[in-house]
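Okay, here's what each chain looks like letter by letter:
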Amino acid sequence: MGDKISIKNLNFYYGKNQALYDISMKIPEREVMAFVGPSGCGKSTFLRVFNRMNDTIPYARVEGEVKIDGKNIYKTKTDVVALRRKVGMVFQKSNPFPKSIFENVAYGIRINKMHSGKKDLADRVEKALRDAALWDEVSDRLNTSAFGLSGGQQQRLCIARALAVQPEVILMDEPASALDPIATQKIEELVVELKKKYTIVIVTHNMQQAARISDKTAFFMLGKLIEVNPTEKMFTNPDDELTEDYITGRFG
Amino acid sequence: METRIIDRKLDVLRDKLLLLGGTTEKAVYLAMRSLVERDSDLARKVIEDDKIINAMELEIDQMSVEILALQQPAAHDLRFVISVAKITPILERIADHAANIAEASLIINNEPEVMPNVELPRMAEIAGEMLQRALDAFTSEDAKVSKEVIKRDKAIDKAYNKVFDKLTKLMIDNPSVTNGAAHLLFVAKHLERIGDYVKDICEMNVYLIEAAFIKHKSKV
Ligand SMILES: Nc1ncnc2c1ncn2[C@@H]1O[C@H](COP(=O)(O)OP(=O)(O)OP(=O)(O)O)[C@@H](O)[C@H]1O
Ligand SMILES: [Mg+2]
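A brief structural summary. Per chain, the residues get numbers from 1 upward, laid out in the order the sequence is written. Both sets of labels track the order of writing: A upward for chains, 1 upward for ligands. Selection of residues for local features in this predicted model requires a pLDDT of at least 70, selection of side-chain atom pairs for listing and counting requires 80 or more, and totals for whole chains, interfaces and linings are taken over all residues. Hydrogens and waters are ignored; side-chain quantities use all the structure's heavy atoms.

A helix here means a DSSP run of H or I that spans at least four residues, while a strand means a run of E at least two residues long, and both kinds are numbered starting from the N terminus. Helix and strand counts for chain B come out as 6 helices and 0 strands. Just to be clear, the radius of gyration here is over C-alpha atoms, and the globule rule we use is 2.2 Å times residues to the power 0.38. Taken over the C-alpha trace, chain B has a radius of gyration of 19 Å; the compact-globule value for 220 residues is 17 Å, and the two agree within 12%. A principal-axis box enclosing the C-alpha atoms of chain B has dimensions of 70 × 40 × 20 Å. Whether two residues are in contact is decided by their heavy atoms, any of which lying within 4.5 Å being enough. At a minimum sequence separation of 6, the contacts of chain B that also span at least 24 residues come to 85%. Here the Shrake-Rupley method, with its probe set to 1.4 Å, supplies the accessible areas, and only the displayed protein chains count as covering residues. In the form shown here, chain B has an accessible surface area of approximately 10600 Å², with 55% of it arising from carbon and sulfur atoms.

For the rest of this paragraph, the subject is helix α3 (residues 101-111) of chain A. Residue and element names in this part refer to chain A. Each residue's exposure class comes from its accessible area (1.4 Å probe, protein chains only) as a fraction of the maximum for that residue type: buried when under 20%, exposed when over 50%, partly exposed otherwise. Buried within α3 are the following residues: Ile101, Phe102, Asn104, Val105, Ala106, Gly108 and Ile109. Those residues of α3 that are buried lie in contact with α4 (118-131), α5 (135-138) and α6 (151-164). Following α3 by one or two positions, Lys113 has its phi on the positive side, about 50 degrees.

The interface of chain A with chain B comprises 10 residues on the first partner and 12 residues on the second. Only one rule defines a salt bridge in this text: a Lys or Arg side-chain nitrogen within 4 Å of an Asp or Glu carboxyl oxygen. Counting across the interface, chain A meets chain B through 1 salt bridge. Taking the shortest distance from any N to any O, the salt bridge between Arg250 of chain A and Asp77 of chain B comes out at 3.4 Å. Polar contact criterion, stated in full: a pair of N or O atoms within 3.5 Å, where within protein one must be able to donate a hydrogen and the other to accept it, and residues adjacent in sequence count only if both atoms are side-chain atoms. The tally of links between chain A and chain B comes to 7 residue pairs in polar contact (both at pLDDT 80 or more). Broken down by secondary-structure element, the contributors of at least two residues to the side of chain A that touches chain B are α9 (231-236) and α10 (241-247) of chain A. Three residue categories are used. Nonpolar comprises Ala, Val, Leu, Ile, Met, Phe, Trp, Tyr, Cys and Pro, charged comprises Asp, Glu, Lys and Arg, and polar comprises the others, including Gly. Tallied by class, the residues present in the side of chain A that touches chain B amount to 3 nonpolar, 5 polar and 2 charged.

What follows deals with the nonpolar core. A general tendency of soluble globular proteins is for nonpolar side chains to be buried together. Ranked by size, the top nonpolar core spans 72 residues in total, and within it Ile94, Leu120, Met123, Val187, Leu191 and Val198 of chain B carry the most contacts. Secondary structure elements with two or more residues in this core: α1 (5-36), α2 (40-71), α3 (75-108), α4 (120-140), α5 (143-173) and α6 (178-210) of chain B. Residues belong to one nonpolar core when they are buried, are Ala, Val, Leu, Ile, Met, Phe, Trp, Tyr or Cys, and are joined through side-chain atoms within 4.5 Å. Grouped together as the second largest cluster of nonpolar side chains are 52 residues, Leu129, Leu179, Leu194 and Tyr198 of chain A included.

As structure tokens, this is what we get:
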């Protein structure tokens, strides 16, 4: 399988403060890539680079090259709305809109005018909810408020919302950090299921989670990429001593 | 840097493995002594003490599982627990061979003496030295020594072939020693097997140190 995202000599600055240093790596298509590293090392910043979410910060600046499907997304011509549809995002804290379950999922389909009528809209909502493994739990209460769902269900609703606009890449920033083990397991199973169709990049502080669900793991420290390797290699015999120290809890 | 919780557990696990290793080494040594010195009381003690070794094995197994489940080790920590868990039953089997040698010794000690004619003690010496070096190399995580010990196994195999020839010849030349010689042959076979097991230990050492599985690869 080819590379979905390819990053070359990426530097990132918040004003005068550099947050990412000369990062080059490739993210293969239809695999799960996990980003791990100590708090503040730049994982979320890096993740937001892939759909230009950092653009909303006026003093942020990007240098280098980020190609998705071979196209540099930081070219001025890039259609950022289309980019964000293609590269969806799920956050640590589930953030449903104060609307019904149905409307939460329908929202992106509507604003992107992806549906051909009421029936098609309903079908797309159902498909997204099914793909997010939530349909069976909510099909009889689609018109009730999204806030009536449990934390784990809300998180899967946000995944459904991301899936509804037919993305190709899904970015997840600690999607299960606030969930209990059962809800976490559901998210993990979902991630593994979703990689059949999507390229997934997931930030997690849970090393076991990275080990369980990712194909490759990248370890960052102080804005630098220290090591990226197949997950099985990373957790049995990492190349870098810093990685070993981090995943075995030798420093904190 | 403060010590991690897992460090204390791994230290205990290492100590337990080394205790098992030392006890096993001693069992092989005493079993051979019971044979050389025709000391049946000593042979009985070796057989009896095998129970202690079995208990040690169980204890290490339990502790390894507990560390895997509760500490979820990674990288070197993980390889360490895996190595201990795989070396432990190897040591236990070596100790079984020591007990088998002691059992043979009980029989041989009631037969006319054949022993001085064969190089069994030399074989046992090589096996004992291999075992000791393998355990030292585990502690010091020395891959070079481990690989040397693996090569050393050839010396035991060679000695075994010699002993085999000598004992079969003895049986033909002097039928009155057949029973004793046959049991000495078993002893030689046990020592030869011990050499193989030490080799397996060294392969786990290399896994611990280099994260490479070298078992079933002809070249080291
Ligand atoms: N909007 C911002 N403005 C200025 N600096 C920021 C901003 N967001 C992040 N930073 C800084 O950039 C660095 C990287 O932050 P980032 O949030 O990417 O780290 P992280 O690895 O995701 O951390 P965590 O694991 O705690 O989520 C930190 O030093 C942080 O303080
Ligand atoms: Mg973050």
